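As a plain string of letters, each chain reads:
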Amino acid sequence: MRSLERLTLAHLWVAFVAFTIACFLGVWQMWVRSPLAAPFSTPDHYFQSVTAHGVSMAYVLSTFFIMGFGYYVAETALERPLPAKGLAWAGFWLGIGGVVLAAVTILLNKASVLYTFYPPLMAAPTFYIGLVLVVVASWIWCGLMILAMSQWKRENPGRPVPLAMFATVANAVMWLWTTVGVAAEILFIVFPASMGWTQTVDVGLTRTLFSWTLHAIVYFWLLPAYIAFYTMAPQEAGGRLYSDMMGRLTFILFLLYSLPVGLHHLFMDPEHATGFKFLQMSLTVLVSVPTLLTVFTISASMEIAGRLRGGRGLFGWIGALPWEKPMVLATGLAFFMLWFGGGGGLINMSFGMNAMVHNSSWVTAHFHLIFGGTVVIMYFAIAYSIWPKLTGWRPMDAGLQRLQLWLWAIGMMVMTLPWHYLGLQGQWRRVATFDYSNPLIAPWGKWVVLSLIGGVILLASALLFVWNLWQHHRQAARVASAPQRYAVALHQPATVPPAFNGFRAWNWMVLFLMLAAYGYPIAQFFINPPPEAVVHRVD
Amino acid sequence: MQLEGQDRFLFRFMMGVVALVVAAALLGFVVVPTIQGARAGLDVWTSVCRALGIAPGSPSAATPQNTAQAQPSSNVVWSPFVIDDLARPNPQVAQDLAQNLCAACHGETGTSPAPDFPHLSGQSALAIYKQLHDFKSGARQNPQMSPVAQQLTEEQMLAMSNHYASLARGTLDRRLDWVADPVTDQLVRTGDTARGIPGCQSCHGTGAGGPMETPTLSGQRETYLKAQLTAFAQGQRKNDVFNRMRDIASRLTPAEIEALARYYAAQ
């Protein structure tokens, strides 16, 4: 096995092992919240489990998958060796060290603060150190992605960077901007308090800094799915990408608009004025533009594939698509879930409507549907697509892979639709148990049980996923696999404007938007410092 | 300056983004607050200042006047200074007082010889300080403790709290046979949601998320615990902020109060 394959597989296996453990925890949490008696059910265990589930899914699965897939794209799309592979391995082990440190702290019940921290709650310092190590590992990845692209550009002057790599670097640049908020929060406020060096924290400031990260981090998780939409799905469907430039524009718009929008997570918070909330809401509307562009471009790309395969009429091309291919099926299912998840997101980001769903199960349902649904199902499809190339073994039974994808999509819909409904009924999130003997709450019971059934289907799908991947490693003989190919555009550009081949100009735009959106909202904490909250240790 | 085609596109794109930000800012900082403020009887300047966050209040509502008089159940203020002071030993003050004043009821090492006086050794310094302060201010009343606490200075209260917190708990009468009671165990760990009773450990457990002054209950005197829960239940003791313990204790049956007192005494 070549070194790239080892590097990618190491990252992806860490991601998927964390994912599987987190799926077990997730099902148990839904069980605890249901009217059915669950084992080990105490609030203490519940919040410990929620912390472990959130950290595993949001930090370990996502970061390690993105790093592993990024290394793979950098070498296969640029068709040159990844620079500084030793550094990539150093980043991997740094990340592993961080994960172990954070996991042990959570298991010792010294970090039940959830993955979003919630100061003035304060976990043991090792929890934060562990997470910082994971972030530092991801920064190494960002540096390597930027280095790989700039070396390629020097070797290929004037040629457009392949779209898959352009998008990967867009994600790396966005992630560097994204992590500034949480890094500042942890390094300057939370960690000193956790060590006992300070005894109070400015809760408003910590929440604001976390909001800087909190929305863009979702796009960090999302972009690999979009990379698959643009560069893998049209190829596997047997067609062409409708527009390469549309792809570049989409990823640039994500870089611009995923960052100055985090205050929409704080609409109900008192520390910010309504004007800045309105401004960031307006910018949040704009972040739906790249998603709408993507829906258009990928639908058009699929139509090209369907018609090339003989599809006729207004909708006949849809049936003509090769749905037996996991990547094509996953793209269809991801778009289906995106329809619901995106619609819910538009409600969340509306200043007024947000008040109706704030802190309710609706929000939890929304981010499970978008991340767990649209994004993670594409992680599965990417894994199925690249695993034979990584392992050098022949592709496995696509029937089991399709079954797994269907189970995931069905499980996610069965879990999250009742969950959305319960949120509208007023069921609050981050609560361990409910009094189902209360006549106001009793009717929720059956919907929570239905959600739990969805969760069990998801767990079955997760186990089948790991089984499907593991089957590759059990084969006796290797076969030569075709090199990774990415979708070619209908009119593949020979050159693109410099602004669509790099990010220098766009960084200035991000800076402008961040100053406009976050300048005063952060400065106000220093101009007129509010009273701080006394730290509350949970270790 | 003449811009070439590609640069012109980029320039226009960026100007478009700037224009969108300016338009959103105008709407959010001027237009919407002005309209909302007019309905709430606010002038334009106040509305805009509120939307910017440089004046307090919302641009959509007049600030309500509040004439309520605060009736705090405790006057303790938790500040970093108090917490720092509580962590600092003051043996000169503490040892003298412990021997000459406190030991009579709470024992020489903070392990109480009488069933209705609480053990102090190993108790949280914040919990002891809160109670001493409340006895002194009158928020909590007791025929023995109130006159004692009223004589104490702030320095003495801080010193005594630190002193007892630093002592390990003595050998207690562990009656483990009482612990084998699953109903009480359930009450301690998860509470009873049907009656709105949270689990005791939600606040009193180690590392739990309860108020910082929450005392540790493990190994405490059974008679003392029962008396305090009963006093909370009947509203005779009322120095719990937000009525927390009065609410919870009033929902417990006398038998549950007894069982909980036994449970914690045996821990």
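Position labels on residues start from 1 in each chain and follow its written sequence. In the order they appear in the text, chains get letters beginning with A and ligands get numbers beginning with 1. In keeping with the model being predicted, local features are shown solely for residues with a pLDDT of at least 70 and side-chain atom pairs are shown and tallied solely at 80 or more, while totals for entire chains, interfaces and linings include all residues.

Caption draft 1: Spatial organisation of the overall build of chain B. On a plain count of helices and strands, chain B comes out with 12 helices and two strands. Labels follow the DSSP assignment, with helices taken as runs of H or I lasting at least four residues and strands as runs of E lasting at least two, numbered in each case from the N terminus. Seen in sequence order, chain B has helices and strands lined up from the N terminus as α-α-α-α-α-α-α-α-β-β-α-α-α-α. Radius of gyration here uses only the C-alpha atoms, and the compact-globule reference equals 2.2 Å multiplied by the residue count raised to the power 0.38. A globule of 267 residues ought to have a C-alpha radius of gyration of about 18 Å, yet chain B, at 28 Å, is considerably larger. Each of the three principal axes of chain B carries a C-alpha extent, and together these read 90 × 45 × 45 Å.

Caption draft 2: Highlighting the overall build of chain A. When helices and strands are tallied, chain A shows 16 helices and four strands. Over its C-alpha atoms, taken along the principal directions, chain A stretches across nearly 60 × 50 × 45 Å. Note on contacts: each residue gets a C-beta atom placed from the backbone, and two residues are in contact if those atoms are within 7 Å. Taking as baseline every contact in chain A between residues at least 6 positions apart, the subset at least 24 positions apart corresponds to 86%.

Caption draft 3: Focus on helix α2 (residues 43–78) of chain A. Residues and elements named next belong to chain A. End to end, α2 covers 50 Å across 36 residues, agreeing with the expected 52 Å (1.5 Å per residue, within 8%). We define the bend at any residue as the angle between the axes fitted to the seven residues before and including it, ending there, and the seven starting there. Within α2, the axis deviates most sharply at Ser56, by approximately 30°. In this scheme every C-beta is placed from the backbone, and a residue whose C-beta has 20 or more other C-beta atoms within 10 Å is buried, one with 12 or fewer is exposed, and one in between is partly exposed. Counted residue by residue, α2 has 34 buried out of 36 residues, so it is predominantly covered. Trailing α2 by a residue or two, Glu79 shows a phi angle of about 55°, which is positive. Given a helix with a known number of residues, its expected span is that number minus one, times 1.5 Å.

Caption draft 4: How the structure looks around the interface of chain B and chain A. Taken together, the contacts link 34 residues of chain B with 35 residues of chain A. When contributions to the side of chain B that touches chain A are tallied by element, the ones reaching two or more residues are α1 (5–39), α2 (44–52), α3 (80–86) and α9 (201–204) of chain B. If one sorts the elements of the side of chain B that touches chain A by residue count, α1 of chain B sits on top with 14 residues. For this scheme, ten residues count as nonpolar: Ala, Val, Leu, Ile, Met, Phe, Trp, Tyr, Cys and Pro. Four count as charged, namely Asp, Glu, Lys and Arg, and the remainder, Gly too, count as polar. Its residues placed into classes, the side of chain B that touches chain A shows 20 nonpolar, 12 polar and two charged.

Caption draft 5: Examining the packing of helix α6 (residues 203–231) of chain A against helix α16 (residues 504–527) of chain A more closely. All names here are of chain A. Where α6 contacts α16, the two axes come as close as 9 Å, and the packing angle between them is 155°. By the criterion of interaxial angle, the relationship of α6 to α16 is roughly antiparallel. α6 and α16 meet at a crossing whose hand is left-handed. For the pair formed by α6 and α16, the contact residues are Gly204, Leu205, Thr208 and Trp212 on the first element and Tyr518, Pro521, Ile522 and Phe525 on the second. Think of each axis as a best-fit line through the C-alpha atoms, taken over the contacting stretch in the case of a helix, with angles from 0 to 180 degrees between the N-to-C directions. We call two directions roughly parallel when the angle between them is under 35 degrees, roughly antiparallel when it is over 145, roughly perpendicular when it lies between 65 and 115, and oblique otherwise. Here a crossing is taken to be left-handed if its near helix is turned anticlockwise relative to the far helix by less than a right angle, and right-handed if that turn runs clockwise.

Caption draft 6: View of the nonpolar core. Put simply, a nonpolar core is a cluster of buried Ala, Val, Leu, Ile, Met, Phe, Trp, Tyr and Cys residues tied together by C-beta atoms within 7 Å. Counting residues in each nonpolar core, the largest one holds 189 residues, and the members touching the most others are Ala170, Ile377 and Phe380 of chain A. Not counting chain neighbours up to four residues away, the residues in contact with Ala170 of chain A comprise Phe251, Ile252, Phe254, Leu255 and Phe503 of chain A. Counting 18 residues, the second largest nonpolar core, distinct from the first, contains Leu225, Ala249, Tyr263 and Tyr264 of chain B.

Caption draft 7: Representation of the confidence of the model for chain B. Residue and element names in this part refer to chain B. In this model, chain B carries a mean pLDDT of 89, and residues with pLDDT of at least 70 account for 93%. Confidence drops under pLDDT 50 across residues 170–176; counting only partners more than four residues distant or on other chains, this segment forms seven contacts. On the interface metric, ipTM, the complex scores 0.90, and its pTM is 0.92. Note: pLDDT gives the predictor's confidence per residue, expressed from 0 to 100.

Caption draft 8: A look at the packing of α2 of chain A against helix α4 (residues 125–155) of chain A. Residues and elements named next belong to chain A. In contact at an axis separation of 11 Å, α2 and α4 are set at 15° when each is read in the N-to-C sense. By the angle class used here, α2 and α4 are roughly parallel. Where α2 crosses over α4, the two elements pack in a sense that is left-handed. Residue-level contacts link Tyr59, Thr63, Met67, Gly70, Ala74 and Leu78 of α2 to Leu131, Val134, Ser138, Trp141, Met145, Ala148 and Trp152 of α4. When grouped by side-chain class, the residues that make up the contact of α2 with α4 number 10 nonpolar, three polar and no charged.

Caption draft 9: A look at unusual backbone geometry. Residue and element names in this part refer to chain A. Residue Pro120 is bonded to the preceding Pro119 through a cis peptide linkage, with omega at 15°. Counting through the fold element by element, Pro120 comes out in the loop between α3 (85–107) and β1 (121–122). Phi is positive for Ala84, which is not a glycine, with a value near 50°. Within the secondary structure, Ala84 sits in the loop between α2 and α3.

Caption draft 10: Up close: α16 of chain A. Residue and element names in this part refer to chain A. Taking 1.5 Å of rise per residue, the 24 residues of α16 would be expected to cover 34 Å, and the 32 Å separating its terminal C-alpha atoms lies within 8% of that figure. The sharpest bend along α16 comes to roughly 50°, located at Tyr518, with the proline Pro521 sitting one to four residues further on. Among all positions in α16, only Trp506, Leu513, Ala517, Tyr518, Pro521 and Gln524 are buried.

Caption draft 11: Main features of the environment of Glu213 of chain B. Residue and element names in this part refer to chain B. Within the secondary structure layout, Glu213 lies in the loop between α9 and α10 (222–233). On a C-alpha basis, the gap between Glu213 and Asp240 in space is 10.0 Å, while along the polypeptide they are 27 residues apart. Setting aside chain neighbours within four positions, we find Glu213 in contact with Leu126, Ala127 and Lys130.

Caption draft 12: Focus on the environment of Val414 of chain A. All names here are of chain A. Residue position: Val414 is located in helix α14 (residues 398–425). The partly exposed category is assigned to Val414, around which 19 C-beta atoms lie within 10 Å. With 33 residues separating them along the chain, Val414 and Trp447 place their C-alpha atoms 9.8 Å apart. Excluding residues that lie within four positions of it along the chain, Val414 makes contacts with Leu450, Ile453, Gly454 and Ile457.

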